[in-house]
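Here is how the chains run, residue by residue.
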Amino acid sequence: MAQQVLSFLGGRRRVLDMTVGAGGHAAALLDAGTEELIGVDRDPRAIGIASERLERFGSRSVLTVARFSQLRDVAPVDGVLYDLGVSSMQLDEPERGFSFRSFGPLDMRMGPDGRSAMELVNEASEEELAAIIRDFGEERRARIVARAIVRARGRAPIETTDQLTSVVASAVGRRPGGPHPARRTFQALRIAVNRETEELAASLPQAVGLLAPGGRIVVIAYHSVEDRIVKRFLVAEREQQRMRILTKKPQRPSEDEVSENPRARSAKLRAAERVDEVMG
C-alpha cells in the first residue's frame, strides 16, 4: 500500500518506520522528500537487507535493531509508520519457520531471542495453547487443535512446520477451496512467540508521544486482532483530543495490489494526526 502510505506521510521531514523490513516503504518515503528516516526492526536480517537497499540515501536513513516498545530515546518526528505482522521476506525463508507451506524448523522468532514456537508447542499446557489459538488466531476449533497438539507431542516432539501442519490438518480437516486449516494456528503461535500484541499496545502511546503537532501515524494491519488494538487506541486518543482520525474507515489495497501480492488482500490502513500543542 505504498501509494496510500505516501498520501499520508510523503514529504514529511522526519519519519520513523517501525517495521522497516526490506526497506520498501522507507525508500519510497525518502524518494518522496523525507529528509531523515529512522528505520526500526527487531529482525537483524531485515536491517541488513534494508541497509543495502537504502545505502544510496547516505546519512538520510538511520537503521537500528529494536522492538516496538523501545522508542524512548527517539527524538520527535513528523510521521510514524507501522506495517504489522510477518513480512514476505520472512515467510519466504523456510528456516525461519513462519510458513505452514514450507518445511523448516518450528521457530517463528522475529529476533534472535525468546522462546521459539517449538518450545511453546511442546511445553505449554493444553489450556494455554487453546487460549493462544483462540485469542490470537480466532480459531473456533482452538480446543480441538490444542488437544491434538498435546496428543501428538506425547508420541514425539513437534519440531518442524510440516509436523505441526499435519497435526492441525488432521484435527480439523480441510474444506475444498477454503483457507489452509493451519493458517490461524500458525498466526496465533507467531503472535504469541513474538508478543506482538503486547509490543504494539506498549508502542502506540510512545509513538504518539513522539509526534510533533500535525505529525501523523499510519498503521497497516493484516488481521482483526491487531487492527482492533489500533482502532481502539486511535478512538481513545481522539476522545482525549490528542489525535484526529484521518481514515473514517480503514483503507484497503487496490485490486491491482492484491493481484500483484495476494498476501496484501487482508491489509487495513488507518491514519491519524496529532492535534494538540503539547508533546506527551
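For the structure itself, consult the block above.
Below you will find a few notes about this structure. Quick caveat, the model's predicted, so the values are computed rather than measured.

Thoughts on the overall build of the protein
Secondary structure summary: the protein contains twelve helices and seven strands in total. Scaling as 2.2 N^0.38, a compact globule of 280 residues should have a C-alpha radius of gyration of about 19 Å, and the protein matches this with 19 Å. With the C-alpha coordinates of the protein rotated into their principal frame, the extents come out at 60 × 40 × 40 Å. When the 280 residues of the protein are sorted by exposure, 51% land in the buried category. Sequence separation of at least 24 residues holds for 68% of the intrachain contacts in the protein that already meet a minimum separation of 6. For the protein, the accessible area works out to roughly 13400 Å², and carbon and sulfur atoms hold 47% of it.

Things to note about a positive patch on the surface
Residues Arg 101, Arg 174, Arg 183, Arg 184 and Arg 265 make up a contiguous surface patch of positive charge. With respect to the secondary-structure elements, Arg 101 resides in the loop between α4 (88-91) and α5 (117-123).

Digging into the pattern of salt bridges
Where side chains of opposite charge bring their charged atoms close, a pairing between them can arise. Scanning the entire structure with this criterion turns up 22 salt bridges. Arg 96 is the salt-bridge partner of Glu 93, the closest N and O atoms lying 3.1 Å from each other. By relative accessible area, which is 18% here, Glu 93 ends up buried. By relative accessible area, which is 6% here, Arg 96 ends up buried. In this structure, the salt-bridge partner of Glu 237 is Arg 242, at a minimum N-O distance of 2.8 Å. Taking the relative accessible area as the measure of exposure, Arg 242 reaches 30% and is therefore partly exposed. Salt bridges sharing common partners tie together Asp 43, Arg 45, Glu 93, Glu 95 and Arg 96.

Focus on the pairing of strand β4 (residues 77-83)
When you tally the buried positions in β4, you get seven out of seven residues, the bulk of the element. In this structure, strand β1 (residues 14-17) lies alongside β4, joined through three bridges in parallel fashion. Note on β4: the bridge partner recorded for Asp 17 is Leu 81. Taken together, the six bridges between β4 and strand β5 (residues 211-221) define a ladder with parallel strand orientation. Its bridge partner being in β5, Asp 83 is matched across the sheet by Ile 220.

Conventions and cut-offs
Residues numbered from 1 in each chain as written. Predicted model: local features only at pLDDT ≥ 70, side-chain atom pairs only at ≥ 80, totals over all residues. Heavy atoms only, no water. Helix = DSSP H or I, 4+ residues; strand = E, 2+ residues; numbered from the N terminus. Rg over C-alpha atoms; globule rule 2.2 N^0.38 Å. Buried < 20%, exposed > 50% of the residue type's maximum accessible area, 1.4 Å probe, protein only. Contact = heavy atoms within 4.5 Å. Areas by Shrake-Rupley, 256 points an atom, 1.4 Å probe, with all protein chains shown as cover. Patch = residues over 30% accessible without salt bridge, like charges linked within 9 Å, V, L, I, M, F, W, Y side chains within 5 Å. Salt bridge = Lys/Arg side-chain N within 4 Å of Asp/Glu carboxyl O. Lys, Arg positive; Asp, Glu negative; His and termini not counted. Charge placed at Lys NZ, Arg CZ, Asp CG, Glu CD. Pairing = 2+ DSSP bridges.

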